[in-house]
Amino acid sequence: MREVFITSLDAGQRLDKYLGKLLRSAQKGFIYKMLRKKNITLNGKKADGSEKLKDQDVIRLYFSDETIERLTKGENGAEEAENGNWPYRRLDILYEDENVLIVDKPSGVLSQKAQPQDLSMVEYITGYLLRTGALTVGDLATFRPGVCNRLDRNTSGVLTAGKTIAGLQGLTEVFRDRTAEKYYYCIVKGTVKEPLVLDGYLLKDHDRNRVEILDEPVKDAQRIITAYRPAAAASGFTLLEVHLVTGRSHQIRAHLASIGMPILGDPKYGDDGLNAGLRRQYGIRSQMLHAQRLEFGEMEGALLPLSGRTVSAPLPAPFKTFLREEMGIGDGDLEFERP
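Residues numbered from 1 in each chain as written. Predicted model: local features only at pLDDT ≥ 70, side-chain atom pairs only at ≥ 80, totals over all residues. Heavy atoms only, no water.

**Here we look at the overall build of the chain**
Okay, step 1: Within the chain, the secondary structure is distributed over eight helices and 14 strands.
Okay, step 2: Across its three principal directions, the C-alpha atoms of the chain cover 75 × 45 × 40 Å.
Okay, step 3: The 339 residues of the chain split such that 47% are buried.
Okay, step 4: At a minimum sequence separation of 6, the contacts of the chain that also span at least 24 residues come to 64%.
Okay, step 5: In the structure as shown, the chain presents an accessible area of about 17100 Å², 45% of it carried by carbon and sulfur atoms.
Okay, step 6: The averaged location of the 47 negative side-chain charges in the chain is 4 Å from the averaged location of its 48 positive side-chain charges. (Helix = DSSP H or I, 4+ residues; strand = E, 2+ residues; numbered from the N terminus. Buried < 20%, exposed > 50% of the residue type's maximum accessible area, 1.4 Å probe, protein only. Contact = heavy atoms within 4.5 Å. Areas by Shrake-Rupley, 256 points an atom, 1.4 Å probe, with all protein chains shown as cover. Lys, Arg positive; Asp, Glu negative; His and termini not counted. Charge placed at Lys NZ, Arg CZ, Asp CG, Glu CD.)

As structure tokens, this is what we get:
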């Protein structure tokens, strides 16, 4: 028999989901059978798997040591969690508590893996949590940190991650229910003088990883709302503050391009001729789009410390260089950059 003690790291998830991660070589049917036969119990009582785990719960596995060893191993016959070779890079941390980590993601880094061999912010965050002791290698058998507001590879800025199940679930709910306001900054072609709210429909082409913006709904299209206001304009360019009311793939990039205001450097939806000049003069090779801040409303539970908070990420160096050299706007000239 083996006892497994639940900590706050895993609290909040269903018992059957937890057992599926703990007993990685076991089939679901086997797990449910063991629950019915009381070979697996929760706090000394029979369970059906739907129970939500709480801190200090105790799971008992009435198996032999050999059976437990076999069931907890991955497909390659070794415990995946024993592999401690997690990548490390310095993280620009904007906010951290026991459940949540918010970082400033640099341009050029994936939010999460697209291919098995990729390195992403998820791996770097996991490495950071292991180095700081917030996670142990053993914890990774049943819990993996995850990001909750995915940014495109070449979009920088505020990226949220759950350090615990409760943190992950809370952040996922916040973004699903839109109870946190998301603001971006981008530099677009053209002079914009007035704020505007754009309403339309987004249709994704999964094969080409592109989206199309439509005025009328069609099958599989999603409604999108993008609000913006000009923060500064000069030399035929405008720095926009964009309020992402809905959050769809490539929404800001495609929506602005659809009204003739492509984001500078955008290789998918931008102005190719303009982008070529920007590469030569400023070395700009990706979209000038930055997730500048998140404004949280009234939070509760694991997210209570974030209640009423605004978490911001400073504009990256390429933005500041272009604003200064091309548009004549220095540090501190913009309201959000003032000390």
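**Thoughts on the pattern of salt bridges**
Okay, step 1: Within the structure shown, the criterion is met by 14 salt bridges.
Okay, step 2: Asp92 serves as the salt-bridge partner of Arg90, at 2.7 Å between the closest nitrogen and oxygen.
Okay, step 3: Asp92 gets classed as partly exposed once you look at its relative accessible area, which sits at 34%.
Okay, step 4: Residues Arg324 and Glu325 are paired through a salt bridge, measuring 3.9 Å at the closest nitrogen-oxygen approach.
Okay, step 5: Assessed through its relative accessible area of 44%, Arg324 is described here as partly exposed.
Okay, step 6: One network of salt bridges, in which partners are shared, links Arg229, Glu241, Arg293 and Glu295. (Salt bridge = Lys/Arg side-chain N within 4 Å of Asp/Glu carboxyl O.)

**Describing the side chain of Thr164**
Okay, step 1: Position of Thr164 relative to the elements: it lies in the loop between strand 7 (156–162) and helix 5 (165–177).
Okay, step 2: For Thr164, a relative accessible area of 4% gives the class buried.
Okay, step 3: There is a polar contact of 2.7 Å between the side chain of Thr164 and the side chain of Asn99.
Okay, step 4: A polar contact is formed between the side chain of Thr164 and the backbone nitrogen of Gly167, at a distance of 3.0 Å.
Okay, step 5: Discounting chain neighbours no more than four positions away, the residues touching Thr164 are Ser8, Leu9, Glu98, Asn99 and Phe143. (Polar contact = N/O pair within 3.5 Å; in protein donor to acceptor, adjacent residues only side chain to side chain.)

**Here we look at the environment of Glu173**
Okay, step 1: Locating Glu173 in the fold gives a position in helix 5.
Okay, step 2: Separated by 155 residues in the primary sequence, Glu173 and Tyr18 have C-alpha atoms spaced 20 Å apart.

**Here's the deal with the sheet that holds strand 3 (residues 58–61)**
Okay, step 1: As summarised here, the arrangement of the three strands in space is 1-3-2, forming an open sheet in which the pairing is antiparallel. Of all the strands in the sheet, just strand 1 (2–5) and strand 2 (40–42) have a single pairing partner and so form its edges. For this sheet the average axis-to-axis angle between neighbouring strands, irrespective of direction, equals 20°.
Okay, step 2: Pairing analysis gives three bridges linking strand 2 to strand 3, with the strands arranged antiparallel. Bridging from a neighbouring strand, Ile40 pairs with Leu61 of strand 3.
Okay, step 3: Here helix 1 (residues 15–22) sits on the sheet and contacts strand 1, strand 2 and strand 3; the angle it forms with strand 3, its principal contact strand, is near 50°. (Pairing = 2+ DSSP bridges. Axes fitted to C-alpha atoms, helices over the stretch in contact; angles between N-to-C directions.)

**What about the layout of surface pockets?**
Okay, step 1: Size it by volume and the largest pocket reaches roughly 1400 Å³.
Okay, step 2: Lining the largest pocket are 45 residues, and of these Arg150, Asp152, Arg248, Ser249 and His250 lie nearest its centre.
Okay, step 3: Among the elements of the structure, helix 5, strand 8 (180–189), strand 9 (196–205) and helix 6 (251–258) are those that each provide at least two residues to the lining of the largest pocket.
Okay, step 4: For the lining of the largest pocket, the residue count by class is 16 nonpolar, 16 polar and 13 charged. (1 Å grid on protein atoms, 1.4 Å probe; cavity = no way out; pocket = protein on both sides within 12 Å on 5 of 7 lines; lining within 4 Å. Points joined across faces, edges and corners; volume = space filled by probe spheres on them. Nonpolar A, V, L, I, M, F, W, Y, C, P; charged D, E, K, R; others polar.)

**Section: unusual backbone geometry**
Okay, step 1: Its identity is not glycine, yet Lys38 carries a phi of approximately 65°, on the positive side.
Okay, step 2: Residue placement: Lys38 occurs in the loop between helix 2 (28–36) and strand 2.
Okay, step 3: Its relative accessible area of 43% is what places Lys38 among the partly exposed residues.

**Thoughts on the confidence of the model for the chain**
Okay, step 1: Counting all residues, the mean pLDDT for the chain is 91, and 95% of those residues have values of 70 or more.
Okay, step 2: Contacts of residues 75–83 to residues separated by more than four positions or lying in other chains number 13 contacts, the stretch itself having pLDDT below 50. (pLDDT = per-residue confidence, 0-100.)

**Some remarks on the pairing of strand 11 (residues 222–234)**
Okay, step 1: Across seven bridges, strand 9 lies against strand 11 in antiparallel orientation. Bridge assignment links Leu202 to a residue of strand 11, and that residue is Gln222.
Okay, step 2: With eight bridges joining them, strand 11 and strand 12 (residues 237–244) adopt antiparallel strand pairing. Residue Pro230 lies in a different strand from strand 12, and its bridge partner there is Leu240.
Okay, step 3: The antiparallel pairing of strand 11 with strand 12 creates a hairpin that spans two residues between the two strands, and Ser235 there sits at a positive phi of about 55°.

**Re the packing of aromatic side chains**
Okay, step 1: All told, the structure shown has three aromatic pairs when counted by the stated rule.
Okay, step 2: Among the aromatic residues, ring-to-ring pairing joins Phe237, Tyr282 and Phe322 into one connected group.
Okay, step 3: When the ring centre of Tyr88 is taken as origin, the NZ or CZ atom of Arg131, which lies over that ring, is 3.9 Å away. (Phe/Tyr/Trp six-rings, centres within 6.5 Å; stacked < 30°, edge-to-face > 60°. Lys NZ or Arg CZ within 6 Å of the ring centre and 35° of its normal.)

**So, the environment of Ala254**
Okay, step 1: Structurally, the position occupied by Ala254 is in helix 6.
Okay, step 2: Here Ala254 falls in the buried class, since its relative accessible area comes to 4%.
Okay, step 3: What Ala254 contacts, discounting residues up to four positions off in sequence, is Val211, Ile213 and Tyr269.

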